[in-house]
Amino acid sequence: MSIIEIRGLRKSFGDLQVLKGIDFSVEEGERIVIIGGSGCGKSVFLRCIELLEVPDAGNIFVDGQEITAPNVNIDKIRQSMGMVYQRFNLFSHMTVMENLCIAPTKLLKMPQDEAEKKAMELLSTVGLAAKADAYPAVLSGGQQQRIAICRSLMMNPKVLLFDEPTSALDPTMVGEVLAVMRMLAKRNLTMIIVTHEMNFAKEVASKILFFADGVIYEQGTPEEIFDNPKREKTIAFIQRQKFFHYEIFERRFDLMEMQNKIQLFAEKYGLKSKYTYRLQLCCEETIYEMINGCYDEDEKNISIIIDITYAEAIGKSEFKILCKGKPHNPLAESDEESFEDNIGMTILRNVAGDFEYSYESGVNVIGFKL
Amino acid sequence: MKKFLTLIILTAILFSGCGIESRQITSVEDLKHARIGCWPECGYEFAARKVLPDAQYVYLDFVSDLVQNLKQNKIDAFVIAESYVENLKLEGVDVDYLPENLGDVPTSYIFAKNEKGQQLCAQMNEFLKQCEADGTLTALDQKWIHSDETQRTFTKSKLSGENGTLKVGTDAASSPFVYLRGTEPVGFEVELFDKFCATYGYDYEIKVELFETMLVDMASGKLDAALDAIEIMPEREQSMLFANPTYIQKTVAVINSDAITGKSFLDETKDRIAATIIIEDRWKMFFSGIFSTLTITFSSMIFGTLLGFAVYMLYREKIKPVNKIINTVIQTLQGLPTMVLLLFFYYIVFGSVDVPAIFVAVVVFSILLSVSVFVMLKSGAESISKGQTEAALSLGFSERRAFVKFILPQVIRIFFPSYRLALNTLLLETAIVGYIAVQDLTRIADLIRARTYDAFLPIIIISIIYLLLSWLLKKFADNVAIHFDPKTRRREDILKGVKL
């Protein structure tokens, strides 16, 4: 039987529909990683499982028991689910040891000595035994988050939920928290993790959920999602695609303005100057080729649209150029023109690849990759 | 220490103010355009205005205030009954008065304007007629008005009270007609009333309160009668039921005396200290005042804190209509002056219920403190991250336990300084309860002032007492605060089972 089962989960905040019907189940020992853009509802989904947000519709079953049913003892169910927050949320008026021991002693009636013994063991495994009597305020973010994980583990949870556990951390401290989570993954603890750490997700997840538009947009093994994403938004997210768009409507267009815009686009996403120069070159050569090839000398009605999709994750760009006018394939072999006339296209052929050309209802469509 | 030094300097300045030269007044003519002190809207002012219509009248509530203002030349004279001045002179107050009678003013008792009051009034009139006939009035006149304190013996008669107990009010500031000897009201009217009760089979209880409070208590039926040598005036007769006159007062203008007392400053100061503290065991009055003030403060502290906490816990249940009511009530309470609230509760809420005034004071101050406590808890809890509550919930604590175990201890630590301030404010604000007939420290100072005609010493004594009380309260709160600071706990208390 699934340890968590979710049917038709919906949640809105006012007019904003955050979750639009989610069906999902988690098996014991699975490690689910939820990814997605900001505002896609992945944190809300996690908070619904913990019932920190009350769903508008749908049922959630934890270990066979419906937690969305009325009159259910939610406090009891929460004891078997741990949650780790982005902002750690340690009890600031208590020492580390008290933070760890209060829940098992008060809720599970565990004797104080036993609880403290267990706490010391956990603290040793995360390397913080020396901080047992420190107050949270004196600890670094990474240390606090490791203690927050220990605090959840003190209750022997069946499921551990992580809500962006490293997002509030200094980059230098992310590693220590991920290390602890990797260790838990090896112990086959059931975990649901919302994170932006893609490499970590790839490494520990048994299943990846990609959230978009308030639903589970695509799911699969890390290989399926990261190496062969199927759907458009997944690809855009995984490859971290960036878009450049430019339109030309006259023969004497402002070349310098276009080049400058490409330059700014490149700087924004940290492209190398050599690669930027090639982007500019490809655009310039293609545009002049098309202006000369598609239009007569006195043609006023010019329309060229350039779209560049840059995939940050792999460092490659895809060009798509739409040109309204006479059919003209700039890369077709031609004997009439001299070598010198066609020098632009020669350069283009040298730097880019995967050329495509088609002509449909008066529009030339040219595609290539750089 | 600095505070006390400032006080001493202040005292010295006030004392030195007594010696300013005044202009000479020898006849009523000299008072034509003078500043004349009097009780607000009293019969003596009424009489004086007929003779001196162009004078400027200054209202002061107590004889002691009139004397004080005269001595500091803030007024040129004050008008009052001759019998009062004679009494002042007997008590060694250094004043004189012009021999002219500005007008006769009859004084008497007033009774409640209801059936019982009418009956009592009729009995009193009958009794007065009888007293006049058998010379009782003349004897009392001789004893209280023309003798000094040593001959004015009075002990309350053993009264059967077969026809019930009368509730009687007085402001006890009309020596020699009604005044306090120690804490016991005595005087011409008291003894006469005592004899009246003995004749007609009543017992009586005297409640000492402010004049205005007494009049309202009469109107609301909390009192059966008021004895205060009240001047019978036509406009008063419309709203009050007067008995026949017990005494016909002569209105006189009191001026500064030229006489030199011949006492040294040191002797005079000694006398004043004796009058304020030692004579008639007045120090006991100060202690009873401290007791009242502390009773109100500490009872309100306990009930107010509990009430504020209870209301906040109710507020956390998030029941919409209930919270709306709570918010409205809190806003209303915050928008009213304490004084107004006190009067509202005394005259309206508890108007028709016979409860001790000190109880009303405790109720009002408890409510006021509970408002502060509520606001502190609310804003304190908001300032603690919501995340800690969620963390506690996800560990499996219930909403209420999460609040009590994790949020409340932090809130208390944050709000303690403002709580301490609220307690201090509470202690100081209790000074207004005199208006509803509670004899707290401030009111005691008023009463003693009314007897000794010396404003400085009682005020300075209570100032010092208030400073001391507020200092003690601060120390007490500081001691409590330590228990709420986790950083002050010992290491052994935190780690019980583990040996590092």
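It should be noted that the structure appears before, not after, this text.
Residues numbered from 1 in each chain as written. Chains lettered and ligands numbered in written order. Predicted model: local features only at pLDDT ≥ 70, side-chain atom pairs only at ≥ 80, totals over all residues. Heavy atoms only, no water.

> For this particular structure, what's the right way to read the overall build of chain A?
Across its full length, chain A holds 12 helices and 15 strands. Computed over C-alpha atoms, the radius of gyration of chain A comes to 28 Å, more than 25% over the 21 Å expected from 2.2 N^0.38 for 370 residues, which places it beyond the range of a compact globule. By principal-axis analysis of the C-alpha atoms, chain A measures approximately 95 × 45 × 35 Å. Counting over 370 residues, chain A shows a buried share of 51%. Considering only contacts within chain A whose residues lie at least 6 apart along the sequence, 65% involve residues at least 24 apart. For chain A, the accessible surface area stands at approximately 17800 Å², while carbon and sulfur atoms represent 47% of it. Each charge sign in chain A was given a centre, from 42 positive and 54 negative side chains, and these centres are 7 Å apart. (Helix = DSSP H or I, 4+ residues; strand = E, 2+ residues; numbered from the N terminus. Rg over C-alpha atoms; globule rule 2.2 N^0.38 Å. Buried < 20%, exposed > 50% of the residue type's maximum accessible area, 1.4 Å probe, protein only. Contact = heavy atoms within 4.5 Å. Areas by Shrake-Rupley, 256 points an atom, 1.4 Å probe, with all protein chains shown as cover. Lys, Arg positive; Asp, Glu negative; His and termini not counted. Charge placed at Lys NZ, Arg CZ, Asp CG, Glu CD.)

> Would you mind going over the overall build of chain B with me for this structure?
Across its full length, chain B holds 19 helices and 13 strands. Seen through its principal axes, chain B has C-alpha atoms that stretch 95 × 55 × 45 Å. Split into buried and exposed, the 500 residues of chain B put 51% on the buried side. For chain B, the computed accessible surface area is about 24100 Å², with 60% contributed by carbon and sulfur atoms. Seen as two clouds, the 51 positive and the 58 negative side-chain charges of chain B have centres 15 Å apart.

> Quick question: what am I supposed to make of the interface of chain B and chain A here?
As a measure of interface size, the accessible area lost when the parts come together is often cited. Tallying the contact residues gives 27 residues for chain B and 30 residues for chain A. The junction of chain B with chain A conceals about 2600 Å² of combined surface from both sides, 61% of it contributed by carbon and sulfur atoms. Counting the contacts that link chain B with chain A gives one salt bridge. In this structure, the salt-bridge partner of Arg 47 of chain A is Glu 390 of chain B, at a minimum N-O distance of 2.6 Å. Elements with a minimum of two residues in the side of chain B that touches chain A: α15 (386-395), α16 (399-429) and α19 (491-494) of chain B. (Buried area = accessible area lost by both parts, 1.4 Å probe. Salt bridge = Lys/Arg side-chain N within 4 Å of Asp/Glu carboxyl O.)

> Explain a nonpolar patch on the surface to me, please; I cannot follow it from the model alone.
A contiguous nonpolar surface patch, about 320 Å² in accessible area, is contributed by Ile 302, Phe 303 and Leu 306 of chain B. Along the chain, Phe 303 of chain B falls in helix α11 (residues 282-316). (Patch = residues over 30% accessible without salt bridge, like charges linked within 9 Å, V, L, I, M, F, W, Y side chains within 5 Å.)

> For this particular structure, what's the right way to read the nonpolar core?
Most often, soluble globular proteins keep nonpolar side chains buried together rather than apart. Formed by 111 residues in total, the largest nonpolar core has its most connected members in Ile 4, Leu 19, Phe 45, Ile 192 and Phe 211 of chain A together with Phe 397 of chain B. Of all the elements, helix α14 (residues 357-383) of chain B adds the most residues to this core, at 16 residues. With residues up to four places along the chain from it excluded, the contact list for Leu 19 of chain A reads Leu 9, Arg 10, Lys 11, Gly 41, Val 44, Phe 45, Cys 48, Phe 211 and Gly 214 of chain A. (Core = buried A, V, L, I, M, F, W, Y, C linked by side-chain atoms within 4.5 Å.)

> Help me understand the packing of α14 of chain B against α16 of chain B in this model?
When two helices pack together, their arrangement is given by the angle between their axes and by how far apart the axes lie. Residues and elements named next belong to chain B. Put simply, α14 and α16 touch, their axes get as near as 8 Å, and they point 145° apart. α14 and α16 meet at a crossing whose hand is right-handed. Of the residues in α16, those in contact with Phe 365, Leu 369, Ser 372, Val 373, Met 376, Leu 377, Gly 380, Ala 381 and Ser 383 of α14 are Phe 403, Ile 407, Leu 408, Val 411, Ile 414, Phe 415, Ser 418, Tyr 419, Ala 422, Leu 423, Leu 426 and Glu 429. Residues of the contact of α14 with α16, tallied by class, amount to 16 nonpolar, four polar and one charged. (Axes fitted to C-alpha atoms, helices over the stretch in contact; angles between N-to-C directions. Left-handed = near helix turned anticlockwise from the far one by under 90°. Nonpolar A, V, L, I, M, F, W, Y, C, P; charged D, E, K, R; others polar.)

> Honestly, α11 of chain B in this entry has me stumped. Any pointers?
Structurally, the α-helix is built with 3.6 residues per turn, so residues lying three or four positions apart point the same way. The first and last C-alpha atoms of α11 of chain B sit 51 Å apart over 35 residues, in line with the 51 Å expected at 1.5 Å per residue. In the segment just after α11 of chain B, Lys 318 of chain B is the residue with positive phi, at about 60°. (Expected span 1.5 Å × (residues − 1).)

> I keep staring at empty space enclosed by the protein and nothing clicks. Help me out?
Empty space among the atoms becomes apparent when a probe as large as a water molecule is rolled across them. Residues and elements named next belong to chain B. A complete count under the given rule lists one cavity of 30 Å³ or more for this structure. Roughly 50 Å³ of internal volume is contained in the largest cavity. Around the largest cavity, the lining residues are Val 63, Tyr 84, Ala 172, Ala 173, Ser 174, Ser 175, Tyr 179, Ala 450, Arg 451 and Tyr 453. Considered class by class, the residues forming the lining of the largest cavity number seven nonpolar, two polar and one charged. (1 Å grid on protein atoms, 1.4 Å probe; cavity = no way out; pocket = protein on both sides within 12 Å on 5 of 7 lines; lining within 4 Å. Points joined across faces, edges and corners; volume = space filled by probe spheres on them.)

> It is not clear to me how the sheet that holds strand β11 (residues 241-248) of chain A should be interpreted in this structure. Could you clarify?
In sheet architecture, strand pairing relies on hydrogen bonds along the backbone and comes in two forms, parallel and antiparallel. Residue and element names in this part refer to chain A. Taken together, five strands build an open sheet; the order of strands is β11-β12-β13-β15-β14 and the sheet is antiparallel. The two strands at the open ends of the sheet, each matched to only one other strand, are β11 and β14 (353-360). Pairwise comparison of adjacent strand axes, ignoring direction, gives a mean angle of 10° for this sheet. Of the strand pairs in this sheet, β14 and strand β15 (residues 363-369) are connected by six bridges, and their pairing is antiparallel. The residue bridging Glu 360 from the neighbouring strand is Val 363, located in β15. On the sheet, helix α10 (residues 255-268) packs against β11 and β12 (303-311) and is oriented at approximately 175° with respect to β11. (Pairing = 2+ DSSP bridges.)

That is the geometry; function is a separate question.
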